[in-house]
Amino acid sequence: MERNSHLRTTIGEPLLNTVGASRVLMVGAGGIGCELLKNLVMSGFQDIVIIDLDTIDLSNLNRQFLFQKQHIKKSKAKIARESALEFNPNVRIEARHQNIKEEEFSVEWFKGFDLVMNALDNLDARRHVNKMCLAAKVPLIESGTAGYLGQVTVISGDLTECFDCLSKETPKTFPVCTIRSTPSTPIHCIVWAKSYLFGLLFGNAEDDDDEVMVKEDNADDETAKELETLKAESQALKTILAQAGQEGFTELVFNKVFGTDIERLRKMEDMWKTRAAPTPLNYNQIMDITGHLSQQLNVAPESTTLKDQRVWTLPETVTVFGDSLVRLTERLKELRESDPEASISFDKDDAETLDFVTATANLRAHVYGIEEKSRFDVKAMAGNIIPAIATTNAIVAGLMVMLAFKILNKRIADCKTTYLVYDSRGDRDQLLISEKLAKPNPRCYICRNAYIGLKIDTTTSTVQDFVDIMEDGGMTDVEIQENGRVIHDPDFDDNLGKTLAELQLTNGKFVDLVDVDDRKVIVYIIHRDSAALDGEKFILEGDVHKALVQQDKLRKTLEQLKAADAAEEALEAARKAASAPAHKHVEDSDIVMLEEEETRKRKRDGSLEILENGPLKKSSLTEPAHPSELGGGSQQPHAVSNDGVGDGTSAEQAVDVDEVVMVDGEEVDVVILE
Ligand SMILES: Nc1ncnc2c1ncn2[C@@H]1O[C@H](COP(=O)(O)OP(=O)(O)OP(=O)(O)O)[C@@H](O)[C@H]1O
Ligand SMILES: [Zn+2]
């Protein structure tokens, strides 16, 4: 039977042809990406570019089904391509083992796609792709998962809210590979301490990794060697564990985890090309100082509360590490006398486990040159982890393809944001909830700006030329900034004679311009040698004049919003005064009116589709909070992270949805899965 016959029957010949003729970009080949790529090659897509900066890690294999043991340490993008081609060899797949933020992936490059699909795990890359798609005017399908929660939506220029329309709280989840080998923030170290090292030392003796690391006949030499090394590392720690209670035990564990293992990682030079390499620690060296300092510290003991709230010194940290390690191993030994399978779990309210996690997290932070945290902070930050769930990724990736069909079928306005929700009590049969795409936030700097391309020879054209081009377009007294750097303003004309290249205004750079009337335009630079400009000095891709007209309109809207905000503040003040015990009588109707006003305002902001008084709270679906990586738990949509560990509390807070919701005349669909 012809490969696409079922597909043709399902979606029809015309759409199948459109899909086949489209060119799509998939960013990220991790949890969602693997599922998505498999779906794409099975759904009629013929021309796909995939990009992922990472290599395959052992911890990916439980859910990233395009990867197998023999692929560990190989490029995710390349292996994803190879595996997907086995499903369907007739698809053109280009795999790029690169960072999407690299310069070569310019606005122009993005313009080469009909559709972009994000399967990413961090805000930074998501924001970048969001901006590139807005500038290139290419629709973007954005996705994210955190444990049982998932979200899929569409971002398209003037039609919808963009990724930056609502400010994001810092997410609380993070990628596992980052945790294992390349931490860059304190939370990465805390998660490593709590979820990896703690489990290995005090969890059940059976290490899952052993199962995966059995020697494979078809593994190549390098992979086999790496597998052996990983296995040897956990084995070595287990051997040391057998010496618990003996003299020198603490030193052995310490030197193994913060010395030998780090030294091995450090030797993997490729890993440290773009990051600072970790520095191993040595127990004896620190203990020399520790002995000395702990005596001093004993002179003036602090209250426990104070000690909890400040960051410990390195010697103090080592002392707490040794102390909690000994106490926990003793506790485990006792427990195992009655139950050989016994284990200890981390509990933030169990002082010993919290001590151990605080100390080990901070030692790891020290090794990687990351900021250390107080015990108080660690307590708050630990405990926010949920595992990545393959099924969630699969559902989300399926929804992405449905959206892709709609977009390519020119029905983008019919697309919806879909949330995958989960009821931990199991008494609800609704899994997917969709709602209309939100409108752009008029206050959003990222999508409410005009993006204009400027093809120019940056090596010969000066800032003066640039100013002239923009002023000829209608801007007056223009100010120019690049990434917060002032290039020019009417009072600072030192740079006028410098070339754009001299000021690093080179190919792919975004330059922010604002004029005396507060009209903003973002220009992205496209470097072209003079010879390639067909005799012109520059070529503008976009109409500055039109952009300024749009900006004038936007300014008016913003003024109206400001006035509405002022009115609302006055109402709020009146409300407060009314509810104050000043013998004032408040009519019920006043309260209703005030609440309606609140609803209207938040809808205007784009920050509200479903109100607190409805059963679904967006806040419980959103991005977990930690700086830089994944998402969940904040007040915004587009927020659920892709994959990885997540916010343990999110699932419990899962939305309480029992019916179709009507808010302010808007309908929220509920899809019931059988
Ligand atoms: N700037 C970027 N450019 C290209 N790919 C990126 C970028 N940022 C993240 N990615 C990729 O996006 C993917 C996200 O997938 P996922 O959330 O499953 O993460 P993971 O690293 O595979 O899993 P985990 O971190 O949980 O082990 C990763 O493969 C990651 O390498
Ligand atoms: Zn926006």
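Before reading on, note that the structure itself is shown above.
Residues numbered from 1 in each chain as written. Chains lettered and ligands numbered in written order. Predicted model: local features only at pLDDT ≥ 70, side-chain atom pairs only at ≥ 80, totals over all residues.

1. Looking at the overall build of the chain
(1) Moving on: The number of helices and strands found in the chain is 21 helices and 16 strands.
(2) Moving on: A buried classification covers 40% of the 674 residues belonging to the chain.
(3) Moving on: Sequence separation of 24 or more characterises 71% of the internal contacts of the chain that already satisfy a separation of 6 or more. (Helix = DSSP H or I, 4+ residues; strand = E, 2+ residues; numbered from the N terminus. Buried ≥ 20, exposed ≤ 12 C-beta atoms within 10 Å, placed from the backbone. Contact = placed C-beta atoms within 7 Å.)

2. Regarding unusual backbone geometry
(1) Moving on: Residues other than glycine seldom take positive phi values, yet Asp-477 does so here, at roughly 45 degrees.
(2) Moving on: Here Asp-477 shows up in the loop between helix H18 (463-472) and strand S10 (479-482).
(3) Moving on: For Gln-504, which is not glycine, the phi torsion reads 55 degrees and is therefore positive.
(4) Moving on: Along the chain, the position of Gln-504 falls in the loop between strand S11 (485-488) and strand S12 (510-514).

3. Considerations on the packing of helix H14 (residues 314-338) against helix H15 (residues 351-367)
(1) Moving on: Two elements in contact, H14 and H15, have axes separated by 8 Å at closest approach and are oriented at 135 degrees. One way to sum up the angle between H14 and H15 is to call them oblique. The handedness of the crossing between H14 and H15 is left-handed. Residues Leu-314, Thr-317, Val-320, Phe-321, Ser-324, Leu-325, Arg-327 and Leu-328 of H14 form the contact with H15, whose own contacting residues are Glu-352, Thr-353, Asp-355, Phe-356, Thr-358, Ala-359, Thr-360, Asn-362, Leu-363 and His-366.
(2) Moving on: Here the contact of H14 with H15 is built from residues that sort into eight nonpolar, seven polar and three charged. (Axes fitted to C-alpha atoms, helices over the stretch in contact; angles between N-to-C directions. Parallel < 35°, antiparallel > 145°, perpendicular 65-115°, else oblique. Left-handed = near helix turned anticlockwise from the far one by under 90°. Nonpolar A, V, L, I, M, F, W, Y, C, P; charged D, E, K, R; others polar.)

4. Topic: helix H8 (residues 186-202)
Since the α-helix advances by 3.6 residues per turn, residues separated by three or four positions end up pointing in the same direction.
(1) Moving on: If you check H8, its first and last C-alpha atoms are 22 Å apart, about what 17 residues at 1.5 Å a residue would give, namely 24 Å.
(2) Moving on: Bending of H8 peaks at approximately 30 degrees at the position of Ala-193.
(3) Moving on: The buried fraction of H8 is high, at 13 of 17 residues. (Expected span 1.5 Å × (residues − 1). Bend = angle between axes of the 7 residues up to and from the residue.)

5. Quick look at the pairing of S12
(1) Moving on: Residues of S12 alternate between two faces, with Val-511 and Leu-513 buried on one and Phe-510, Asp-512 and Val-514 left unburied on the opposite face.
(2) Moving on: With three bridges connecting them, S10 and S12 associate as antiparallel partners. Note that in S12 the partner of Glu-479 across the bridge is Val-514.
(3) Moving on: Where S12 lies against strand S13 (residues 520-527), five bridges are found, and the strand directions are antiparallel. Across the sheet, residue Asp-512 finds its bridge partner in S13, namely Ile-522.
(4) Moving on: Between S12 and S13, which follow one another and run antiparallel, lie five residues, and Asp-518 among them has a positive phi close to 65 degrees. (Pairing = 2+ DSSP bridges.)

6. Examining helix H11 (residues 249-266)
(1) Moving on: Given a rise of 1.5 Å per residue, 18 residues ought to cover 26 Å, and the 24 Å separating the end C-alpha atoms of H11 matches this to within 8%.
(2) Moving on: A maximum bend of about 40 degrees is found in H11 at Lys-256.
(3) Moving on: Those residues of H11 not exposed but buried are Thr-250, Val-253, Phe-254, Val-257 and Phe-258.

7. Remarks on the packing of H11 against H14
Each pair of packed helices can be described by the angle between their axes along with the distance between the axes.
(1) Moving on: For the pair H11 and H14, interaxial distance at closest approach is 10 Å and the crossing angle is 115 degrees. In the crossing of H11 with H14, the sense of the turn from one axis to the other is right-handed. Here Thr-250, Val-253 and Phe-254 of H11 lie close against H14, whose contacting residues are Phe-321, Gly-322, Leu-325 and Val-326.

8. Points about the pairing of S11
In summary, the side chains of a regular strand alternate between the two faces of the sheet.
(1) Moving on: As defined by bridge partners, S10 adjoins S11 across three bridges and the pair is classed as antiparallel. Paired with Gln-481 across the two strands is Val-486, which belongs to S11.

9. Structural notes on the sheet that holds S10
Strand pairing in a sheet takes place through backbone hydrogen bonds and is either antiparallel or parallel in direction.
(1) Moving on: With mixed pairing, the six strands of this open sheet are ordered in space as S11-S10-S12-S13-S9-S14. The outermost strands of the open sheet, each flanked by one partner alone, are S11 and strand S14 (538-541). Averaged over all pairs of adjacent strands, the angle between strand axes in this sheet comes to 30 degrees, irrespective of strand direction.
(2) Moving on: Most of the contacts of helix H19 (residues 544-579) go to strand S9 (residues 450-456), to which it runs at about 160 degrees, and overall it touches S9, S13 and S14.

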